[in-house]
Amino acid sequence: MLRTKPIRDVLAQSREEETDAGPGLKRRLGALDLTGFGIGIVIGTGIFTLTGIEARDSAGPGVVVSFAIGGLVALLAALCYAELASSVPTAGSAYTYAYATMGEIVAWIIGWDLLLEFALGAAVVARGWSGYLAELFNLPTTWFGEEGSVVNIGAIAIVLVLGAIGIVGIRESARVTNLLVLVKVAICVFVVVAGLFFVKAANLTPFIPPAEPASGGDGGLKQPVTQAIFGLEPSVFGFVGVLSAAAVVFFAYTGFEAVANLGEETRKPRRDLPLGLLGTLLVSTVLYIGVSLVVVGMVKYTDIDRGAPIASAFESVGAGWAATLVSIAAIAGLTSVILVDLVAMGRIGFAMGRDGLIPPSIAEVHPRWGTPYRISTIMTIGVALLAGLLPLSALADLVSIGALCAFVLVSLAVPILRRTRPDLERPFTVPLSPVLPVVSALACFYLMLNLSVETWLRFLAWMLIGAVIYFGYGHRKNRLARREAAAAAPPPRRPASPSPAADAPSPRTTGGAAPHGATPPVVAAQGRGWAVPVGPFTTGFPSVQTTSSSQVCRPGSVLPSWPGGQAW
């Protein structure tokens, strides 16, 4: 369970697949594309919905500080991701980093955790997208709304359409994402600039409202773990409320790690991956802080609308036309989030299938599109069913706890890899290591403790399901397990000395009979890495010898003899 995957295997795997075993992922992305993917998945639900919910229920105007804290913690994690992504540019991101540093069982936990994060994130956002579309075009809520709908047709449709785009090719996905990102970033900048004219200082006072007891429904499983552990009375607002809101709005930053999943599809990964990761966090944090400050400045936090805080803020000051622009930005923003979530899930599943933790056949790459089309299709259908049939608002916090858990392990992987592989080339390094990675891990874990007991129980249940799958299949069938089993197998028996009768020519002789006592040439008949004997001493097909991994045996290749003069 604690066996690790050698870094040399990680770096060589994609090259081997592309040259020897069929098509591999195509390197078609640059730094701008990666930044577009990052912003595409980060700026979405958080900025359009969580601002109002957390300002009204937990932090007041202090939600601006909550976004700043969440952005700082995400930045620390992004620095760790940037070092690992530039050193080990591969699909799978946190899953692969854990496999190379902390062992197979930890890698499985992270991979299973990331699938949860991206699947639920895409499903929740798809339902939000459907609701915004219904509001903008007055569509029937029976098929597009959150309340009263049995099957959300809008959510299913958008997932299937974007899933198809993601399967057809990474370049097409990047073009769609970049277009959507331009639209929503432009409108977010407009919100900040236009909203500043309507900000009132009175709405920002007090900036952090004094703490007060939580309502009766916020105790028990609803209270944060920290309050449950230390027996504190459940409360909202105050600095405790700001920290609780930071743990929730961290959902707004989740997804930037999807950029690290595109390492095998980036033209210059060692340079562009750090640029894409850090550029995503910089732009997103500035926009989140600016938009949240404008919203709580335009409307008193007690009057903010939970469902559409930005649009309702402009409507409250008589700028209904701006509210329409915000709704368009919301649709564009949520669309790009769904698309990048689906792309990221496919790459994580591809990495796990390539390692054998799930059946490798479902991780096959399409020869023309250059994408893992089978696992992407499975994930798209699963997300469409979740988004269409289940109201997932209660499970949204699972996205935050899943991302934070991955960030903790990625942060710890940096000092571990520096200790185990000090010779590894690192184009980007985390400053003040190991102090900064440890601080990042502790900060992420503290935010996890500020999530509810109920969220922790659901998270542990998901991990238990993953453990059953791992011990039932992945632990025995994965690539490293098969390699260990092959190494433990007894070596092939050395063939007996040839009898004189064997000197006679045979119909299967290659190049005629060899003189008695001489060593005949050995010719490889078939396969890569296997020498199948067809020389004059051969009366059948005895045990074969594996050649070195760097040698490719082709039909007709002459191979060296077995030590001691016996031909193989």
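Residues numbered from 1 in each chain as written. Predicted model: local features only at pLDDT ≥ 70, side-chain atom pairs only at ≥ 80, totals over all residues. Heavy atoms only, no water.

Visitor: Let's hear about the overall build of the protein: which residues, and what values?
Guide: Summing up its helical and strand segments, the protein has 19 helices and six strands in all. Taken across its 568 residues, the protein has 55% of its residues classed as buried. Contacts in the protein between residues far apart in sequence, at least 24 positions, make up 80% of those at least 6 positions apart. Roughly 23600 Å² of accessible area belongs to the protein as shown, and the carbon and sulfur atoms make up 67% of that amount. (Helix = DSSP H or I, 4+ residues; strand = E, 2+ residues; numbered from the N terminus. Buried < 20%, exposed > 50% of the residue type's maximum accessible area, 1.4 Å probe, protein only. Contact = heavy atoms within 4.5 Å. Areas by Shrake-Rupley, 256 points an atom, 1.4 Å probe, with all protein chains shown as cover.)

Visitor: So what about the pattern of salt bridges? Which residues, and what values?
Guide: Evaluation of the coordinates by the stated rule reveals six salt bridges. With a closest N to O distance of 3.1 Å, arginine 374 and glutamate 364 form a salt bridge. Residue arginine 374 is located in helix H15 (residues 373-389), and its partner glutamate 364 is located in the loop between helix H14 (320-354) and H15; the two are separated by ten residues in the primary sequence. Judged by its relative accessible area of 35%, arginine 374 is partly exposed. For glutamate 364, a relative accessible area of 36% gives the class partly exposed. Where glutamate 454 meets arginine 458, a salt bridge forms, and the shortest distance between an N and an O atom there is 3.3 Å. Of this pair, glutamate 454 and arginine 458 both sit in helix H18 (residues 453-477), four residues apart, roughly one helical turn. Exposure remark for arginine 458: the relative accessible area of 29% places this residue in the partly exposed category. (Salt bridge = Lys/Arg side-chain N within 4 Å of Asp/Glu carboxyl O.)

Visitor: Describe the confidence of the model for the protein, with residues and values.
Guide: Confidence in the prediction for the protein averages 76 pLDDT; 77% of positions are at 70 or higher. Mean pLDDT in the protein bottoms out at strand S5 (residues 545-546), which sits at 40, and peaks at helix H17 (residues 435-449), which reaches 91. Every residue in residues 501-568 scores below 50 in pLDDT, and together they form 99 contacts with partners more than four places removed in sequence or on other chains. (pLDDT = per-residue confidence, 0-100.)

Visitor: Describe in detail a nonpolar patch on the surface, supporting the description with residues and values.
Guide: Side chains of Leu179, Val183, Trp321, Leu325 and Ile328 sit close together on the surface and give an oily, nonpolar patch of about 460 Å² of accessible area. For the nonpolar patch, the secondary structure elements donating two or more residues are helix H9 (170-195) and H14. Looking at the nonpolar patch element by element, the count peaks at three residues for H14. Here isoleucine 328 is to be found in helix H14. Classification of isoleucine 328 as partly exposed rests on a relative accessible area of 37%. (Patch = residues over 30% accessible without salt bridge, like charges linked within 9 Å, V, L, I, M, F, W, Y side chains within 5 Å.)

Visitor: Before we move on, could you go through the environment of alanine 403 and cite the residues and values that matter?
Guide: Structurally, the position occupied by alanine 403 is in helix H16 (residues 397-420). Those residues in contact with alanine 403, other than ones at most four positions away along the chain, are Glu117, Thr254 and Glu257.

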